[in-house]
Amino acid sequence: MAVLTIRTFGDPVLRQKARPVEDVGDVQRRLSEDMLETMRVAPGVGLAGPQVGVLERIFTWEVEDEFGTIVNPVITKRSRRMFTDEEGCLSLPGLVYPVERHLKVSVEGLDENGDRVEFDAEEHLARVFQHEIDHLDGVLFIDRLPDDLRREARRILADQALGLPLPRSNHIRTRVPTEEAL
Ligand code: NI
């Protein structure tokens, strides 16, 4: 297993749409192991292909002692009910904002062996799945913020790019433990 480099905001790969995996084989199995390892070392609870520079529809997740890999994930059901909770991202280190997501989603796809899997996820796991599937479409959680917060986040990211520190008094100070990064 190998720890891969996590791409961060500004890397164009994060804005590209990942392609479906045609055949799940050894390449994806090895990638799945490396992504799980990378996610755990980070540490984070989810990691998508583009975040390690691989434009394939694959992500790993680990929530409450359960973990897995989903290839070619599709959301087949979404609850009408939404819920808002704080979210971070390994590709946007230090940023934490409340994001509205569907409370429940059903996700279908393949595991790292190419076998069909289906999950009825809710709350935290549903949030992780929605966040990671967004990554496969080049969408970052800051895109889902209301205008004012999105502007603030972009300003902070621009400052970070210039080497300025995160504002200390801002509400985005990491209130959520870094384990929650997705
Ligand atoms: Ni993320």
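Read on for a plain summary of the structure. Given the structure is predicted, the values throughout are model-derived calculations rather than measurements. (Residues numbered from 1 in each chain as written. Predicted model: local features only at pLDDT ≥ 70, side-chain atom pairs only at ≥ 80, totals over all residues. Heavy atoms only, no water.)

1. As for the packing of aromatic side chains
Each pair of aromatic rings is reported with the distance of its centres and the angle of its planes. Taken as a whole, this structure holds 4 aromatic pairs when the rule is applied. What links up through ring pairs into an aromatic cluster is the set F59, W61, F119 and F129. One cation-aromatic arrangement involves R40 over F67; the distance from NZ or CZ to the ring centre is 4.5 Å. Residue placement shows R127 over the ring face of F83; its charged tip is 4.4 Å from the ring centre. (Phe/Tyr/Trp six-rings, centres within 6.5 Å; stacked < 30°, edge-to-face > 60°. Lys NZ or Arg CZ within 6 Å of the ring centre and 35° of its normal.)

2. Here's the deal with the side chain of H131
Within the element layout of this structure, H131 appears in helix α2 (residues 123-136). Those residues in contact with H131 that lie beyond four places of it in its chain are E87, G88, C89, R101, F141 and L182. (Helix = DSSP H or I, 4+ residues; strand = E, 2+ residues; numbered from the N terminus. Contact = heavy atoms within 4.5 Å.)

3. A closer look at the pattern of salt bridges
The tally for this structure, following the rule as stated, stands at 12 salt bridges. Of the charged contacts, one joins R7 and D11 as a salt bridge, the two residues approaching to 2.9 Å between their closest N and O atoms. Between R144 and D134 there is a salt bridge, with the nearest N and O atoms lying 2.6 Å from each other. Of the two residues, R144 is situated in the loop between α2 and α3 (147-161) and D134 in helix α2; the sequence distance between them amounts to 10 residues. Given a relative accessible area of 44%, R144 falls into the partly exposed group. (Salt bridge = Lys/Arg side-chain N within 4 Å of Asp/Glu carboxyl O. Buried < 20%, exposed > 50% of the residue type's maximum accessible area, 1.4 Å probe, protein only.)

4. Here's the deal with the environment of E100
In this fold, E100 is placed in strand β5 (residues 97-102). Accessibility expressed as a relative area gives 47% for E100, which makes it partly exposed. When near neighbours in sequence (up to four residues on either side) are disregarded, E100 contacts M82, F83 and T84.

5. Considerations on the environment of Y97
Along the chain, Y97 turns up in strand β5. For Y97 and E87, which are 10 residues apart along the polypeptide, the C-alpha to C-alpha distance reads 5.5 Å. Reaching out from Y97, the side chain makes a polar contact with the side chain of E152 at a distance of 2.5 Å. (Polar contact = N/O pair within 3.5 Å; in protein donor to acceptor, adjacent residues only side chain to side chain.)

6. Some remarks on the nonpolar core
Grouped together as the largest cluster of nonpolar side chains are 22 residues, with contacts concentrated most on F59, W61, I70, V105, V107 and F129. Among the elements of the structure, β2 (58-63), β3 (66-78), β6 (104-110), β7 (116-122) and α2 are those that each provide at least two residues to this core. When residues in this core are grouped by element, the largest group, 6 residues, is from α2. Setting aside chain neighbours within four positions, we find F129 in contact with F59, W61, I70, V105, V107, F119 and A121. (Core = buried A, V, L, I, M, F, W, Y, C linked by side-chain atoms within 4.5 Å.)

7. Focus: the sheet that holds β7
If you trace the 5 strands from one edge of the open sheet to the other, you get β1-β2-β3-β6-β7, paired in antiparallel fashion. Each edge of the sheet is formed by a strand with only one pairing partner; in this case those strands are β1 (46-48) and β7. When strand polarity is set aside, the average angle formed by the axes of neighbouring strands in this sheet is 40°. Strand direction decides the pairing type here: β3 and β6, joined by 5 bridges, are antiparallel. Note on β6: the bridge partner recorded for V71 is L110. Against the sheet, helix α1 (residues 26-41) engages β1, β2 and β3, with an angle of about 40° to β2. Strand contacts of α2: β1, β2, β3, β6 and β7, with the helix running at about 160° to β2, the strand carrying the most contacts. (Pairing = 2+ DSSP bridges. Axes fitted to C-alpha atoms, helices over the stretch in contact; angles between N-to-C directions.)

Function cannot be read off these values alone, since they describe shape.
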